[in-house]
Amino acid sequence: MASPLSFPEEVLEHIFSYLTLPSDLNSASLVCKSWYSADRYSRRKAFIGNCYSLSPQGLVSRFPNLRSVEIKGKPHFADFNLVPEGWGGYFFPWVRTMSVAYPWLEEIRLKRMVVSDEALELIGRSFPNFRVLVLAFCDGFSTDGLAAIAANCRHLRELDLRESEVEDSSGHWISRFPDSFTSLVSLNISCIASEVNFPALERLVSRCPNLRSLHLNRAVPIEHLPNLLRRAPQLVDFGTGTCSSEVHPDIYSNLVRAFAGCRGLRNLCGFWDVIPAYLPAVYSVCFGLTTLNLSYSTIPSPDLANLINQCPNLQRLWVLDYIEDSGLEAVASTCKDLQELRVFPSAPFIPEANVQLTEQGLVHVSLGCKKLQSVLYFCRQFSNAALVTIAQNRPNLTRFRLCIIEPHTPDYLTREPLDMGFGAIVQHCRDLRRLSLSGLLTDRVFEYIGTYAKKLEMLSVAFAGHTDAGLHHILSGCDRLRKLEIRDSPFGDRALLTNAAKLETMRSLWMSSCSVSFGACKLLSRMMPRLNVEVIDENDDPCSRPDNCMVEKLYIYRSLAGPRFDMPGFVWTVNEENSTMRSSSALPS
Amino acid sequence: MEGIARIGDQAIGPKLLNLMPNCREEVSGQEEEKKLELRLGLAPPGERGRRHHHNLNLRGDGSDLDRGLLLSSARSLRSNVQHKSTTHFDLNLKDVKGEHNTTTTTTFQKRTAPGPVVGWPPVRSFRKNITANSINNCLKRPSSSHDAVEANNKSLVDGEAIDGGNHNYQMIERPNGSMFVKINMEGVAIGRKVDLGAYDTYDKLSSAVDVLFRDLLAVQRDGGEEAITTTEGVDGRGEYTIVYEDNEGDRMLLGDVPWHMFVSTVKRLRVLKTSELSSHGIGGRQER
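Residues numbered from 1 in each chain as written. Chains lettered and ligands numbered in written order. Predicted model: local features only at pLDDT ≥ 70, side-chain atom pairs only at ≥ 80, totals over all residues. Heavy atoms only, no water.

Chemist: Give a detailed account of the overall build of chain B, specifying residues and quantitative values.
Modeler: Regarding its fold elements, chain B presents 8 helices and 5 strands. Overall, chain B shows an N-to-C arrangement of helices and strands of α-α-α-α-α-α-β-β-α-β-β-α-β. When the 288 residues of chain B are sorted by exposure, 39% land in the buried category. Of the contacts made within chain B by residues no fewer than 6 positions apart, 56% connect residues no fewer than 24 positions apart. Of the roughly 16200 Å² of accessible surface on chain B, a fraction of 49% belongs to carbon and sulfur atoms. (Helix = DSSP H or I, 4+ residues; strand = E, 2+ residues; numbered from the N terminus. Buried < 20%, exposed > 50% of the residue type's maximum accessible area, 1.4 Å probe, protein only. Contact = heavy atoms within 4.5 Å. Areas by Shrake-Rupley, 256 points an atom, 1.4 Å probe, with all protein chains shown as cover.)

Dropping the structure here:
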């Protein structure tokens, strides 16, 4: 019996193609069988936040017609060397399956995955319509793999290697783009250490009229820039190479002219080793800049302030702490549209401050920049008073990451924990989605977070808390929590087991140097069969120790695929017979 | 965050108990069950007692909620970590150390003193070496109110190695971009200093060194002997070869690495007789 409301599938699929949010499509697919089917066949994009949450076969059978895939691998703390080499996150099983199932695949975006040259070669061979490759914080490949992409992907638009680790075989992979190749829109090779064949790069830039984004690597000297920019005046986003050579008047004036020709430039980055005398060369584009990343530049504060004063339309600013409080005051008065500020440490491993950067800088920016939403701030001192002020000034904050460099640092004025300050942050900033804590903190801060941080999706905790109550507050209070990562905090079995069900509503939980026992891991695994509970221990076999011994590192995530089979020798997971299982360390690619 | 949190039914309770080892806590037998009951409730601000007020004169809009949040000084907090009030997580877990701390060191520390910690502060590896590799690095800040120069010098000379990364910062003041390193020549008693900031290629450096030591050798051999022809060069074909020592103590031939990398890692230069290079452990085995 045909309902008057039932459309042919093609019509449904066409309607669904206007729904862009995965959450909307997910909702639509739950309405009835025909909508589920229409969505299933018309879905074009998939985002997989944890590569082990389902298998490649699972993906291709659920969505047979994808054009764009985004996958994330290792846990975030892998960025800071907490995840041992060989842990996993291999891309090859995915590309092997997709090469058969998705011949029309156009886009692959990966983050923190291990990508081999073989995988890159398979991409080049399998997807004739391939357009976008983004490898963020990935490793495992060399310039040979890049050569395969360059040579075979005739319609490539984006090649973005942001912050990946690339083994350098030679700089000639750039020459592998055929002369007939003209479709490039975005190229980011800033992470490549060695020199790239510059003439080949110049020719590539010349013949790609749609090139909008170009990030050079450090090895490109500043003398090459004017000619390059002259060939690509349509650039919107540009990353320089190194700017350290002596300032010759000729080069300088060439540079000035070249930048002046790039009227559409909105984002600038690079500036490795830049000598301050070069900075005025970019003044002509500063008015239009919306993004400025100077986080590789050790420019002292006065020069930074001079540059920033030319950029009233800045929305995103990344700098080193050389900017100092005085420079941030300049930001606060000039950059009224600022939405995101990141201040990185220039000397993170020395105990004393080498720059005059304190909480005052951030307080000024919080007062002057009314659109500020996202903060990442490294410094050496903070106070509850400053945190409260920032919270009251900027209730529109959505991301707040404060890193006080020395662990357990109290409020420098009162010597008290910073519970109250962070409490004010979560209380006032009701839309806060991401929070990183630091400094001296007791269980109290977690009570505040559990009470007020109802929209929080990601929380990073280090050297904080006193008892399991802290973890319990987080898990029982933060309704929208998806990712939780904890290190060096005394949270243990009780809070974890009490909130076991919560873990299935989250993407993942990381705990290292905490107080979780091996026995609790086994019990949790028995209680929650749809969680993968993985214990990482590089020193020992946890089975050889009594159950009440603490595990070194713990990674828990929900999964439809069951325990994974590519675990290295130092990762244990618990199988159903209550004994431990350790997979062989055979790598899939 | 509503009140009671339990797993399933009470059958879980005893199992949890059995798991809990003795090594971390002392839970008195009779009260075990009661203590396992998790009760969580955040008391209205008033209940915490105004005496815990702390005099933080902030923007002072004086709302009750604000005041409630700003309550509880650390002192009372620390002494009440194992709060007996109903407003707290009602488990009688003791601190890991078994005592409350009133000092700034918290209960959970694997090291007794601040020291190198893996992965902390959380900066990615490519950020760690930015200032170490920059020739514009000027770690002393004239405007700094902390007189950190002495402290900086001292701590960097000690050169803590953390994370196995490259942490031997060059603690040489470079107010004008100049960068002086010592240079010694074999056979010359007195060393010199050369300003690497004045050059940007190996050729320029090499000729400058050539000039410098030719004069020195001439002075040293005063009297009848001829000046030695010092055809130095980075290719080691001359009579003398320039080598350098990097921050890891290795001896390297000049010209092996790109200039900017050389500048960031070099500690001192040496001019050696080419014929004796292999005895110094370099050169002979290297293929160029």
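Chemist: With reference to specific residues and values, describe the overall build of chain A.
Modeler: Looking only at helices and strands, one finds 21 helices and 24 strands in chain A. Over its C-alpha atoms chain A spans a radius of gyration of 26 Å, differing by no more than 12% from the 25 Å that the globule rule assigns to 589 residues. Overall size of chain A, expressed as C-alpha extent along the three principal axes, is 75 × 65 × 60 Å. Per-residue burial over chain A gives 65% buried out of 589 residues. Pairs at least 24 apart in sequence give 70% of the contacts found in chain A among residues at least 6 apart. When the accessible surface of chain A is split by element, carbon and sulfur atoms take 51% of a total near 20800 Å². Here chain A contributes 59 positive and 62 negative side-chain charges, whose respective centroids are spaced 7 Å apart. (Rg over C-alpha atoms; globule rule 2.2 N^0.38 Å. Lys, Arg positive; Asp, Glu negative; His and termini not counted. Charge placed at Lys NZ, Arg CZ, Asp CG, Glu CD.)

Chemist: Which residues make up the confidence of the model for chain A, and what values go with them?
Modeler: For chain A, per-residue confidence averages 93 on the pLDDT scale, and residues scoring 70 or more make up 96% of the total. Across residues 585–589 of chain A the pLDDT falls below 50, and counting only partners more than four positions away or on other chains, this stretch makes 12 contacts in the model. (pLDDT = per-residue confidence, 0-100.)

Chemist: How would you sum up helix α17 (residues 443–452) of chain A? Please name residues and give values.
Modeler: Residues and elements named next belong to chain A. Counting buried positions along α17 gives 10 out of 10 residues, so the element sits mostly inside the fold. Buried residues of α17: Asp443, Arg444, Val445, Phe446, Glu447, Tyr448, Ile449, Gly450, Thr451 and Tyr452, and no others. By the N-cap criterion, in which a side-chain oxygen at the helix start approaches the backbone nitrogen of a residue two or three places on, α17 is capped by Thr442, the distance to Arg444 being 3.1 Å. (Polar contact = N/O pair within 3.5 Å; in protein donor to acceptor, adjacent residues only side chain to side chain.)

Chemist: Outline the packing of aromatic side chains, supporting the account with residue identities and numerical values.
Modeler: The geometry of an aromatic ring pair is captured by the separation of the ring centres together with the interplanar angle, meaning the angle of the planes. Residues and elements named next belong to chain A. Here the structure, examined in full by the defined rule, presents 23 aromatic pairs over all chains. Measuring from centroid to centroid gives 5.7 Å for Tyr52 and Trp87, while their planes differ by 75°, and the two rings are edge-to-face. One end of the pair, Tyr52, is in the loop between β1 (45–48) and α4 (56–62); the other, Trp87, is in the loop between β2 (68–72) and α5 (92–101), and 35 residues separate them in sequence. Accessibility classification places Tyr52 together with Trp87 in one group, the buried group. Joined through ring pairs, the aromatic side chains of Tyr52, Phe77, Phe80, Trp87, Trp510, Tyr555 and Tyr557 make up one cluster. Lying over the aromatic face of Phe137, Arg112 brings its terminal NZ or CZ to 5.6 Å of the ring centre. Geometry around Trp87 places Arg564 over its ring, the cationic atom sitting 4.5 Å from the centre. (Phe/Tyr/Trp six-rings, centres within 6.5 Å; stacked < 30°, edge-to-face > 60°. Lys NZ or Arg CZ within 6 Å of the ring centre and 35° of its normal.)

Chemist: Tell me about the pairing of strand β18 (residues 458–462) of chain A, residues and numbers included.
Modeler: Residue and element names in this part refer to chain A. β18 sits mainly inside the fold: 5 of its 5 residues count as buried. Here β18 shows a buried face lined by Met458, Ser460 and Ala462 and a second buried face lined by Leu459 and Val461. Bridge count for strand β17 (residues 434–436) against β18 is 3 bridges, and the pairing is parallel. If you follow Ser436 over to β18, its bridge partner there is Ser460. Each parallel crossover has a hand, and for β17 linked through α17 to β18 it is right-handed. Examined bridge by bridge, β18 and strand β19 (residues 483–487) share 5 bridges and lie parallel to one another. Looking across to β19, one finds that Ala462 is bridged to Arg487. Taken together, β18, helix α18 (residues 468–477) and β19 form a β-α-β motif whose crossover is right-handed. (Pairing = 2+ DSSP bridges. Right-handed = clockwise from strand over helix to strand, strands pointing away.)

Chemist: Could you give me a rundown of the side chain of Ser559 of chain A, with the residues and numbers involved?
Modeler: Residues and elements named next belong to chain A. Tracing the backbone through its elements, the reader meets Ser559 in the loop between β22 (553–558) and β23 (571–574). A distance of 2.8 Å separates a polar side-chain atom of Ser559 from the backbone oxygen of Tyr52. Apart from the residues lying within four places of it in its own chain, the contact partners of Ser559 are Tyr52, Ser53, Leu54, Arg530 and Asn532.

Chemist: Which residues make up a negative patch on the surface, and what are the values?
Modeler: All names here are of chain A. A cluster of like negative charges, contributed by Glu118, Glu121, Asp144 and Glu167, occupies part of the molecular surface. Summarising the element assignment, Glu167 is placed in strand β7 (residues 166–167). Look at Glu167 and you get exposed, because its relative accessible area is 58%. (Patch = residues over 30% accessible without salt bridge, like charges linked within 9 Å, V, L, I, M, F, W, Y side chains within 5 Å. Salt bridge = Lys/Arg side-chain N within 4 Å of Asp/Glu carboxyl O.)

Chemist: A description of the nonpolar core should follow, citing residues and the corresponding values.
Modeler: The nonpolar side chains of a soluble globular protein tend to be buried, and buried together. One finds Phe91, Phe400 and Ile449 of chain A to be the most contacted residues of the largest nonpolar core, which totals 203 residues. Contact partners of Phe400 of chain A, with chain neighbours within four places excluded, come to Leu362, Val375, Leu387, Ile390, Phe422, Ile425, Leu432, Arg434, Leu435 and Ser436 of chain A. If you look at the next biggest cluster of nonpolar residues, it comprises 21 residues, including Leu205, Tyr240, Tyr244 and Leu254 of chain B. (Core = buried A, V, L, I, M, F, W, Y, C linked by side-chain atoms within 4.5 Å.)

Chemist: Now, about helix α2 (residues 22–29) of chain A: what can you tell me, with residues and values included?
Modeler: Residue and element names in this part refer to chain A. Regarding α2, the residues found buried are Leu25, Ala28 and Ser29. Buried residues in α2, looked at end-on, bunch into an arc of 100°, giving them a common side. At its buried positions, α2 is contacted by α1 (9–16), α3 (33–42) and α4. (Arc of directions from axis to C-beta.)

Chemist: Quick rundown of the sheet that holds strand β3 (residues 240–246) of chain B? Include the residues and the values.
Modeler: What links the strands of a sheet is backbone hydrogen bonding, and the strands pair in either a parallel or an antiparallel sense. Residue and element names in this part refer to chain B. The 5 strands are arranged β2-β1-β5-β3-β4 in an open sheet whose pairing can be described as mixed. With partners counted over all chains shown, the strands left at the sheet margins are β2 (192–195) and β4 (251–253), one partner each. When the angles between neighbouring strand axes are averaged without regard to direction, this sheet yields 35°. (Axes fitted to C-alpha atoms, helices over the stretch in contact; angles between N-to-C directions.)

Chemist: Account for the environment of Pro8 of chain A, naming residues and giving values.
Modeler: As for its placement among the helices and strands, Pro8 of chain A is situated in the segment before α1. Considering only alpha carbons, one finds Pro8 of chain A and Val95 of chain A, 87 residues apart in sequence, at a separation of 33 Å.

Chemist: Tell me about the pattern of salt bridges, residues and numbers included.
Modeler: All names here are of chain A. This structure, assessed with the given rule, holds 24 salt bridges over all chains. Notably, a salt bridge pairs Arg487 with Asp488, separated by 2.8 Å at the nearest N-O pair. For Arg487, a relative accessible area of 4% puts it in the buried group. For Lys522, the salt bridge identified is with Asp547, shortest N-O distance 3.1 Å. Taken together, the residues Lys522 in helix α21 (residues 518–527) and Asp547 in the loop between β21 (531–536) and β22 connect sequence positions 25 residues apart.

Chemist: Residues and numbers for the environment of Met98 of chain A, please.
Modeler: Counting through the fold element by element, Met98 of chain A comes out in helix α5. Sequence spacing of Met98 of chain A and Ser126 of chain A is 28 residues, and the spatial spacing of their C-alpha atoms is 8.8 Å.

Chemist: Tell me about unusual backbone geometry, and name the residues and values.
Modeler: Omega for the bond connecting Trp120 of chain B with Pro121 of chain B falls within 30 degrees of zero, at -5°, which places this linkage in the cis form. Here Pro121 of chain B lies in the loop between α4 (74–79) and α5 (125–128). With phi around 65°, Asn81 of chain A is a residue other than glycine that occupies positive phi space. Along the chain, the position of Asn81 of chain A falls in the loop between β2 and α5. Since its relative accessible area comes to 40%, Asn81 of chain A is described here as partly exposed.

Chemist: Before we move on, could you go through the packing of α17 of chain A against α18 of chain A and cite the residues and values that matter?
Modeler: Residue and element names in this part refer to chain A. Orientation of α17 relative to α18, taken along the N-to-C sense of each, is 5°, at an axis distance of 8 Å. Comparing the axis directions of α17 and α18 gives the class roughly parallel. Contacts from Asp443, Phe446, Glu447 and Gly450 in α17 reach Ala469, Gly470, His473, Ile474 and Gly477 in α18. Of the residues in the contact of α17 with α18, the class split is 3 nonpolar, 4 polar and 2 charged. (Parallel < 35°, antiparallel > 145°, perpendicular 65-115°, else oblique. Nonpolar A, V, L, I, M, F, W, Y, C, P; charged D, E, K, R; others polar.)

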